[in-house]
Amino acid sequence: MRNPLFRSLSLALVAVAVTPAVSGQRAADATASATARAAVEPGPVRVNQIGYATGADKIATVVAAATAPLKWQLTDDKGRTAAAGTTRVVGADKASGDHVHQADFSHATGQGVHRLTVAGAGTSVPFTVTGEPLHPDLGREAMQYFYFHRMGTPVEAEYLQSAAHAHAALHPGDKSVPCYRNWCDKDSGSGADGKGSKAGEEQRLNVAGSWADAGDFGIYPVNHAIAAWALLNLYERRPRAYPDGSLSVPERANGLPDLLDEVAYGSRFMSGMLPKSGLASHKVHNHEWSPFPVKDIAAENALPRSAMPPSTNATYAVARTNAQLSRVLRKFDAEKASVLWASAQDAWKRAEARPDVDHPGTGEDTDAEGGGDYPDTQNSDDRYAAAAELYLTAEQRADGSAEGYRTAVTGSAHYGEIDAFDWGRVAPAGTLSLLTVPNGLPPADLSRMRENLRAVADSLVATQRGEGYPALISGATAYPWGSNSAVVNRMMLLGTAYDLTRDRGHLKAMHRAMDYLLGTNAMGISYVTGYGAHRETDLHDRLAWGQYPATPYPSGWLSGGPNSADISDPVTPTGRPAAKSYAGPGTAPSAWSSKENTINWNAPLVWVATYLKSTAPDLTSR
């Protein structure tokens, strides 16, 4: 992930990112963007381009300078009027800079294909109103993202949406990577056992079995942990969502739910990030940025690659992922679950011994420049999230260590914390696990957590209602790197709240947030590949771009979204309103600030798409 909060970008890095294979890209980007956008520019009547559940709020955003309400008409596919009314004038929308109206046709519950026409503004793209799930395949397609990004094994045509994306194994050499500048043996805090390598032997780590993190091929425990957690949390809430045989993966006939197969594969590297003693490596990546696009897998695999120096939060990430994975695998594979449990406990002990070691960041003597930094100087939230997973697993196993982990949970300053979360702020993930998995915490504490979650969900509903477009981000703030991930993560909060409260306002807000992702936004596009008449068609991904445009991007990938907080690429526009800080069509090689895709953005997309499908009956007409 090319976030400048995660890494320092130099002019040399930019030169590496845009290789001769796409030479002249920057010069051509503006022209390509203008040409492509002129061809697909959506109109001012912005709707969810897929459609609406019959019982959902159905609110279009209309870009119009008029200061008085405008008449609107909803027609069906035969041109008959299904509903009519007048818009509500919202006025200036701070996030986008647009002057907008809203047309609320929630009372129209007739099913079928419709269009919305607003006087003086125009007509929307066609969309569906239905009592059935709106995008029944989106969760499954979003899950295919992870197989596409497997490393260490050939990615085979029969499991892909397009055979053209098949390729030989990426970085099979990850089964034995050196520690950058031999830090594993130089690390001054080499752990309680003091084990090191034999004289003359440099320690190497086996980190085989992973997902490429994002548009590059780095692997990062802290980012992997939040992605794996989202998928495993989905399983723990809806264990029948993706049973064996439901996904296109090689393991689809082994008796294990396919969702768990995928997470188990992508998480293999986590235990291998632990050296013989001491803390886990913070990350593994090349010594220089991979070319864009990558078409020669052998050349990519030949690039020097190392495990970078360690951190406490990476070690807690190993502990919490392995503990949670052990818990869900136990009834299917007790032996593997026990191995993971031992690794989780080992990682916890190592982190507890050195509780405040931060990754030093990119520098000539400490780190190579071919990957993200993922800097995080607060480790208490990582400790709490890990303690929560270890406590829940220890209690499930009737392990004698449960009381110690429980004390770490209840004694944390983060105990019960519920709020927006991401890879760097993970305490809410720990609390959400405590609200998902039955446990022996005091009922009063769990009740307080549920009430806090309700309050957070209510505040998200209020934020959304105050915006011209139905984002779950306040327009009074900058849009962060990966703003769409902020939206889907907050949708997870709304969904969990609905599970616990049955407040339909929370579920309706989830649907409105999906409206935002699928077209009711300031760019007027669907940010999910393969969905919508005006949709994202190119993302910052070295492998997928290698076949573009002859091979379309697979369906079900979430774009990072508008970013006005910190732009480091040459094509994401600066000086624009937050919701419009997004690069145009055809610019993906140079648009890492706004058009990248990542594991921790697609994982919550899987969660919310699956959730909306399973709860579709709750929003039919009544």
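Residues numbered from 1 in each chain as written. Predicted model: local features only at pLDDT ≥ 70, side-chain atom pairs only at ≥ 80, totals over all residues. Heavy atoms only, no water.

1. A few points about the pattern of salt bridges
Argument step 1. Evaluated as defined, the whole model comprises 23 salt bridges.
Argument step 2. The salt bridge partner of Arg150 is Glu262, with a shortest N-O separation of 3.0 Å. Taken as a pair, Arg150 in strand S11 (residues 150-151) and Glu262 in helix H6 (residues 258-266) lie far apart in primary sequence, 112 residues in all. Across the pair, Glu262 and Arg150 agree in class, each one buried. (Salt bridge = Lys/Arg side-chain N within 4 Å of Asp/Glu carboxyl O. Helix = DSSP H or I, 4+ residues; strand = E, 2+ residues; numbered from the N terminus. Buried < 20%, exposed > 50% of the residue type's maximum accessible area, 1.4 Å probe, protein only.)

2. A short note on helix H13 (residues 427-434)
Argument step 1. By the criterion of burial, H13 is predominantly enclosed, with eight of the eight residues buried.
Argument step 2. Buried within H13 we find Ala427, Pro428, Ala429, Gly430, Thr431, Leu432, Ser433 and Leu434.
Argument step 3. For H13, the elements touching its buried residues are helix H5 (221-237), helix H9 (312-329), helix H11 (380-396), helix H12 (402-410), helix H14 (443-465) and helix H15 (483-501). (Contact = heavy atoms within 4.5 Å.)

3. Observations regarding the confidence of the model for the chain
Argument step 1. Confidence in the prediction of the chain, expressed as mean pLDDT, is 91, and 91% of residues score 70 or more.
Argument step 2. With pLDDT under 50 throughout, residues 3-40 is counted as low confidence; its partners more than four residues away or in other chains account for 71 contacts.
Argument step 3. pLDDT under 50 marks residues 188-194. Its contacts with residues more than four places away, or in other chains, come to nine contacts. (pLDDT = per-residue confidence, 0-100.)

4. Thoughts on the pairing of strand S6 (residues 88-92)
One face of the sheet, then the other: side chains in a regular strand alternate in exactly this way.
Argument step 1. When S6 meets strand S7 (residues 99-104), the two strands line up antiparallel, connected through four bridges. Across the sheet, Ala92 pairs through a bridge with His99, a residue of S7.
Argument step 2. Adjacent in sequence and paired antiparallel, S6 and S7 are bridged by six residues, among which Gly97 carries a positive phi angle near 80°. (Pairing = 2+ DSSP bridges.)

5. A word on helix H16 (residues 504-517)
Argument step 1. Between its first and last C-alpha atoms H16 spans 20 Å; for 14 residues at 1.5 Å apiece the expected length is 20 Å, and the two agree.
Argument step 2. Among the 14 residues of H16, 11 are classified as buried, and the element is accordingly described as predominantly covered.
Argument step 3. Restricting attention to buried positions, one finds in H16 the residues His506, Leu507, Ala509, Met510, His511, Arg512, Ala513, Met514, Asp515, Tyr516 and Leu517.
Argument step 4. Where H16 begins, one side-chain oxygen reaches toward the backbone nitrogen of Gly505, 2.8 Å away; that side chain belongs to Asp503. (Expected span 1.5 Å × (residues − 1). Polar contact = N/O pair within 3.5 Å; in protein donor to acceptor, adjacent residues only side chain to side chain.)

6. A word on the nonpolar core
Nonpolar side chains tend to gather and get buried jointly when the protein is soluble and globular.
Argument step 1. Counting residues in each nonpolar core, the largest one holds 157 residues, and the members touching the most others are Phe146, Leu231, Trp348, Leu434, Met491, Met510 and Val608.
Argument step 2. Here this core takes 11 residues from H5, the largest share from any one element.
Argument step 3. Core analysis: the second largest hydrophobic core is formed by 18 residues, Val47, Ala64, Ala103 and Leu116 among them. (Core = buried A, V, L, I, M, F, W, Y, C linked by side-chain atoms within 4.5 Å.)

7. Digging into the environment of Leu619
Argument step 1. Turning to its location among the elements, Leu619 is positioned in the segment after helix H19 (599-614).
Argument step 2. Taking the relative accessible area as the measure of exposure, Leu619 reaches 0% and is therefore buried.
Argument step 3. For the pair Leu619 and Ala56, spaced 563 residues apart in sequence, the C-alpha to C-alpha distance is 5.9 Å.
Argument step 4. Every residue in contact with Leu619, bar those within four places of it in the chain, is listed here: Ala53, Thr54, Gly55, Ala56, Arg504, Leu507, Lys508 and His511.

8. Some words on the packing of aromatic side chains
Here a ring pair, both rings aromatic, is described through the centre-centre distance and the interplanar angle of the planes.
Argument step 1. Summed over the entire model, instances satisfying the criterion amount to 22 aromatic pairs.
Argument step 2. Ring plane angle 80° and centroid distance 5.5 Å describe the contact between Tyr52 and Phe105, whose orientation is recorded as edge-to-face. Taken together, the positions of Tyr52 in strand S2 (residues 51-53) and Phe105 in the loop between S7 and strand S8 (112-118) put the pair 53 residues apart, joining distant regions of the chain. Residue Tyr52 shares its accessibility class with Phe105, and that shared class is buried.
Argument step 3. Residues Tyr52 and Phe127 carry aromatic rings whose centres are separated by 5.4 Å and whose planes lie at 80° to one another, so their mutual orientation is edge-to-face. One end of the pair, Tyr52, is in strand S2; the other, Phe127, is in strand S10 (residues 127-130), and 75 residues separate them in sequence.
Argument step 4. On the accessibility criterion, Phe127 (1% relative accessible area) is buried.
Argument step 5. A connected cluster of aromatic rings, assembled from ring pairs, spans Tyr145, Phe146, Phe148, Trp211, Phe292, Trp545, Tyr548, Tyr553 and Trp557.
Argument step 6. Sitting above the plane of the Tyr265 ring, Arg150 keeps its charged end 4.4 Å from the centroid. (Phe/Tyr/Trp six-rings, centres within 6.5 Å; stacked < 30°, edge-to-face > 60°. Lys NZ or Arg CZ within 6 Å of the ring centre and 35° of its normal.)

9. Quick look at the sheet that holds strand S1 (residues 45-46)
Argument step 1. With antiparallel pairing, four strands are arranged side by side in an open sheet as S1-S3-S7-S6. Only two strands of the sheet have a single neighbouring strand rather than two, namely S1 and S6.

10. Observations regarding the side chain of Thr431
Argument step 1. Following the sequence through the fold, Thr431 ends up in helix H13.
Argument step 2. Residue class for Thr431 comes out buried when judged on its relative accessible area of 0%.
Argument step 3. Side-chain polar atoms of Thr431 contact the backbone oxygen of Glu417, separated by 2.8 Å.
Argument step 4. Setting aside residues no more than four positions away along its own chain, Thr431 makes contact with Tyr384, His414, Gly416, Glu417, Ile418 and Met449.

11. A look at the environment of Pro126
Argument step 1. Topologically, Pro126 is positioned in the loop between strand S9 (122-123) and S10.
Argument step 2. Residues Pro126 and Leu116 lie 10 residues apart in sequence; the distance between their C-alpha atoms is 7.9 Å.
Argument step 3. Beyond its immediate sequence surroundings of up to four residues, Pro126 is in contact with Gln49, Val113, His114 and Arg115.

12. Here we look at the side chain of Arg305
Argument step 1. Considering the arrangement of structural elements, one finds Arg305 in strand S16 (residues 305-307).
Argument step 2. With relative accessibility at 9%, the residue Arg305 sits in the buried group.
Argument step 3. For Arg305, the residues in contact, after removing those within four places along its chain, are Met151, His171, Asp174, Val177, Pro178, Phe217, Ile219, Val284, His285, Asn286 and His287.

13. Re the environment of Arg327
Argument step 1. In this fold, Arg327 is placed in helix H9.
Argument step 2. It is 9.7 Å that separates the C-alpha atoms of Arg327 and Glu236, two residues lying 91 residues apart in sequence.
Argument step 3. When residues no more than four places from it in sequence are discounted, the contact partners of Arg327 are Glu236, Glu389, Leu392, Thr393, Gln396 and Val437.
Argument step 4. Looking at Arg327, its side chain comes within polar contact range of the side chain of Thr393, at 2.9 Å.

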